[in-house]
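Each chain is listed here by its residues.
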Amino acid sequence: MSRRHRHWTLVWLLTGGLMSACATTSDQPSDLRQALFGLSERAAEEVLATSVWTRPTEDVVLLLAAPEIDGTLNVDTERFSETLTRALLAVSDGPQVLNWQPRMADADLPDNQWLMESRLVADGPILRLSDRELLPYRLTLELRRPGDNEPRWSRDFSGAFDATAL
């Protein structure tokens, strides 16, 4: 085998190895990530479709409070918060989204800012099917003006996570 032929063979093998490594690196989201993304997309659609807005949604600033998550669900608070934020930001003509900090409650906030609170809780025992287990959940979202005690909008979403994804 000539030196030139060995060189190209080596280049071909290395390129093929890199390409196969890239092909095996999954860009597909994990089951949990996919489940949270689907739930977050549904929540974002509902929040933005509400009639509570007094201005176009692109002029609204949503202040997201840290979510309250039932520990039995084994869902990471940061991961859920990030997924919900991404879903809200992905909507065309959607609001600006910021993480709410408790010290913001004392500030004089403009009337385009809304506080969104979320609670994700287990909503029953594990459902055992022949091929998997499902864990029912309920997600509650509330919108209120910072400083208000009562929400101006609230919605519950129910569903079930595949327990193997958690």
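Notes on the structure follow. (Residues numbered from 1 in each chain as written. Predicted model: local features only at pLDDT ≥ 70, side-chain atom pairs only at ≥ 80, totals over all residues. Heavy atoms only, no water.)

## Here's the deal with the pairing of strand β1 (residues 61-64)
So, point 1. In β1, alternate side chains face the same way, and those of Val61 and Leu63 on one face and Leu62 and Leu64 on the other are all buried.
So, point 2. Where β1 and strand β3 (residues 96-99) come together, four bridges link them in parallel fashion. Following the sheet pairing, Leu63 is matched in β3 by Leu98.
So, point 3. When β1 meets strand β4 (residues 113-122), the two strands line up parallel, connected through four bridges. Bridge pairing in β4 links Leu64 to Met116. (Buried < 20%, exposed > 50% of the residue type's maximum accessible area, 1.4 Å probe, protein only. Helix = DSSP H or I, 4+ residues; strand = E, 2+ residues; numbered from the N terminus. Pairing = 2+ DSSP bridges.)

## Overview of empty space enclosed by the protein
So, point 1. Inspection of the entire model under this criterion finds one cavity of 30 Å³ or more.
So, point 2. Its boundaries defined by the atoms lining it, the largest cavity holds a volume of some 40 Å³.
So, point 3. Considering the residues around the largest cavity, the lining is formed by Leu64, Ala65, Pro67, Phe80, Ser81, Leu84, Met116 and Ser118.
So, point 4. Of all the secondary structure elements, the ones that give two or more residues to the lining of the largest cavity are α3 (77-90) and β4.
So, point 5. Here the lining of the largest cavity takes three residues from α3, the largest share from any one element.
So, point 6. Across the lining of the largest cavity, the residue classes break down as six nonpolar, two polar and no charged. (1 Å grid on protein atoms, 1.4 Å probe; cavity = no way out; pocket = protein on both sides within 12 Å on 5 of 7 lines; lining within 4 Å. Points joined across faces, edges and corners; volume = space filled by probe spheres on them. Nonpolar A, V, L, I, M, F, W, Y, C, P; charged D, E, K, R; others polar.)

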